[in-house]
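Survey of secondary and tertiary structure
Residues per chain, in single letters:
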Amino acid sequence: MRFGIMTAPMQVGYDEIRRVWREADTVPEIAHAWLFDHLMPIAGDPDGPIFEGWTLLSALAARTSRLRIGLLVTSNRFRPPAMLAKIATTVDIVSGGRLDFGIGAGSRPSHPLARREYDAHGLPYHDQADAVAALAEACTVIRRLWTAETPFDFTGAHVRLTGAFGNPRPVQRPHPPIMIGGRASATLRVVAEHANLWNIPGGGDIEDLAARSRLLDRYCTEIGRDPAEITRSIFLPADYERPGLTRGKIAEAADAGFGHIVLGLPNPYPEGVAHWVADELIRR
């Protein structure tokens, strides 16, 4: 099992997040660290501070040396795919080849605090079916921009490019690992085709999550892909006051086949929180 942490970059200062990441970079048991990708807070004060995820990720990439890093997960609705490929390439280079490229279809309209950020930033918001179809095209385009030897054109229903070319290329070859987040059946079909890792939020009914994983297995089989090629990742909130509860959720996830664990750290972050994660949640 590989453990990591996630620090939501909202209602918190840069110095605090940087402190946690730099400490985690020295803790061998913590293999990866994540931010999320929202433009307005989705919890706490709705008018509180929040950082743009890719910019902050690049800054943290420059201040760490060992951790795998990424966004859990970037919204495909926020940035054109070709621009996103360029941003991700830059972060992979800054980090020395440590990026795990997390991407998803974007927030559902049922989450009002997430929905408002589109109107507030002048971003279009289409229905979920449209968003999932756009995600599939984005993954195709981004992988091609990372690997194509010559400029290319692309004409899809959602993405149209002329003379597209990525230079420089990412450090990692053929490209950074792609993590796709989501649980909807349509999203899992995109996962089966494009992802190296699949992430789903945990903490609820573990049998439901295991059923989603089995559905992904089926979709992989249908397209002739070995399901074992896709690492199963789960996000679990950490509880500072009840570490035993969190350890129980980790054990459930492991039994269900999830070997990539992302532990969400609530802020404020206690001093030595990365060592606490290792001592109380991983080593026990």
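Placed above this text is the structure.
Residues numbered from 1 in each chain as written. Predicted model: local features only at pLDDT ≥ 70, side-chain atom pairs only at ≥ 80, totals over all residues. Heavy atoms only, no water.

**A word on unusual backbone geometry**
Peptide bonds are trans in most cases, and residues, glycine excluded, mostly fall at negative phi. Look at the link from Leu72 to Val73: it is a cis peptide, with omega at -20 degrees. As for its position among the elements, Val73 is in the loop between strand S3 (68–71) and strand S4 (74–75). Along the chain, Asn167 connects to Pro168 via a cis peptide bond; the corresponding omega equals 10 degrees. If you trace the backbone, Pro168 turns up in the loop between strand S7 (160–164) and strand S8 (178–181). Phi at Gln11 is positive, roughly 55 degrees, even though this residue is not glycine. Checked against the element boundaries, Gln11 lands in the loop between strand S1 (2–6) and helix H1 (14–24). (Helix = DSSP H or I, 4+ residues; strand = E, 2+ residues; numbered from the N terminus.)

**Concerning the packing of helix H5 (residues 128–147) against helix H6 (residues 185–194)**
The interhelical angle for the contact between H5 and H6, taken along N-to-C directions, is 15 degrees, at an axis separation of 9 Å. On the basis of their axis angle, the class for H5 and H6 is roughly parallel. Regarding H5 and H6, the two cross each other, and that crossing is right-handed. Contacts between H5 and H6 pair Val132, Leu135, Ala136, Cys139, Thr140 and Arg143 from the former with Ala186, Thr187, Val190, Glu193 and His194 from the latter. Among the residues forming the contact of H5 with H6, the class breakdown is six nonpolar, three polar and two charged. (Axes fitted to C-alpha atoms, helices over the stretch in contact; angles between N-to-C directions. Parallel < 35°, antiparallel > 145°, perpendicular 65-115°, else oblique. Left-handed = near helix turned anticlockwise from the far one by under 90°. Contact = heavy atoms within 4.5 Å. Nonpolar A, V, L, I, M, F, W, Y, C, P; charged D, E, K, R; others polar.)

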